[in-house]
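In case you want the letters, here they are:
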Amino acid sequence: MKKLIVLFAASAVLAVTGCGTTSSVKGSGIKGEEPEMATSKARIVDYQGSAFGTEIPQWVIQVAQGEYSESALSKVMPDLKGRKIFVTMADGDNLEFVKQWTDLVDVETQVGDTMQRVVGKVVSASENAQAKESGKETDPTEVERKLKLYKEAVSAVEINGLEKTASYWVEKQTGSQKDGNYKDVYEYYAVWSMDKSIYDAQLNAALQNVKDNTSESETLKKMLKDKLSSIVLSSNDPAAEDSAD
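Fair warning: this is a prediction, and the values are worked out from it, not measured in the lab. (Residues numbered from 1 in each chain as written. Predicted model: local features only at pLDDT ≥ 70, side-chain atom pairs only at ≥ 80, totals over all residues. Heavy atoms only, no water.)

Enquirer: How should I be thinking about the pattern of salt bridges in this particular structure?
Expert: Pairing is possible between side chains of opposite charge, provided their charged atoms come close. Scanning the entire structure with this criterion turns up 11 salt bridges. Between Lys-196 and Asp-200 there is a salt bridge, and its shortest N-O distance comes to 3.1 Å. Residue Lys-196 and its partner Asp-200 are located together in helix α5 (residues 196-208), separated by 4 residues, close to a single helical turn. Taking relative accessible area as the criterion, Lys-196 reaches 28% and is therefore assigned partly exposed. (Salt bridge = Lys/Arg side-chain N within 4 Å of Asp/Glu carboxyl O. Helix = DSSP H or I, 4+ residues; strand = E, 2+ residues; numbered from the N terminus. Buried < 20%, exposed > 50% of the residue type's maximum accessible area, 1.4 Å probe, protein only.)

Enquirer: Even after reading the chapter, I still don't get the side chain of Ser-193, so can you show me in this structure?
Expert: Inspection of the secondary structure puts Ser-193 in strand β7 (residues 183-195). Classification of Ser-193 by relative accessible area gives buried; the value is 0%. Within polar-contact distance, the side chain of Ser-193 engages the side chain of Arg-83 at 3.0 Å. (Polar contact = N/O pair within 3.5 Å; in protein donor to acceptor, adjacent residues only side chain to side chain.)

Enquirer: Help me understand the nonpolar core, please; the structure alone is not making it clear to me.
Expert: One broad rule of soluble globular proteins: the nonpolar side chains tend to lie buried together. Residues Phe-86, Met-115, Tyr-150, Ile-159, Tyr-199 and Leu-228 are the most contacted members of the largest nonpolar core, which totals 34 residues. Every element with two or more residues in this core is listed here: β5 (83-92), α3 (95-134), α4 (140-155), β7, α5 and α6 (217-230). The greatest single-element share of this core, amounting to 9 residues, is contributed by α3. One finds Tyr-47, Ile-56, Tyr-189 and Val-232 within the second-largest nonpolar core, a separate group that totals 20 residues. (Core = buried A, V, L, I, M, F, W, Y, C linked by side-chain atoms within 4.5 Å.)

No statement about biological role is implied by the geometric values presented.
What follows is the structure, encoded as structure tokens:
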């Protein structure tokens, strides 16, 4: 039904028609007197606000291109400056289903999954680095123990205070009925955010509760705090996971 590519990733007033608007949100300059616009791989046949001749917001273009850090998005969505950002993207042939599923299920589920994948990379990288420094083989049992401890810890982070800042949809068509490869799909984009200090406090509390008495535990906890605090959390985004390396 859907394809999620975001990242974690995970406010206040909404930036587009049907969802409210953030102050001074910039348009992309992309709109059409007619709904259909040619693109390299698909035709945009409809989009949110097209009936009013409005532009597709610049933030949608940036998110679709993978540019959704706080520094990038806050230039066109000023209300996001200094906040913790989460991004979700999904597609499907039923717009209302895609919107409801993404907003009610995917945002917290996917953000949580991304956090655990980042934990997996950080813990594994830390254990490999220690083994290399000591000249010993990595102990799989110890790696598994730490993975379980820290994944359980971040699963307790409830991201309370998360709010949808903006959402937007675009209808695209690919292929042709004549060639037998016609496809009509709705793409749905949403930006969520929360007070960064609240997010950091929840993250810190979760990691402090980890009962890891090894000499390296404080260093590992600091690495995890730094990584999870600084990345943009986006649903199923390989870039977010790579940033943990």
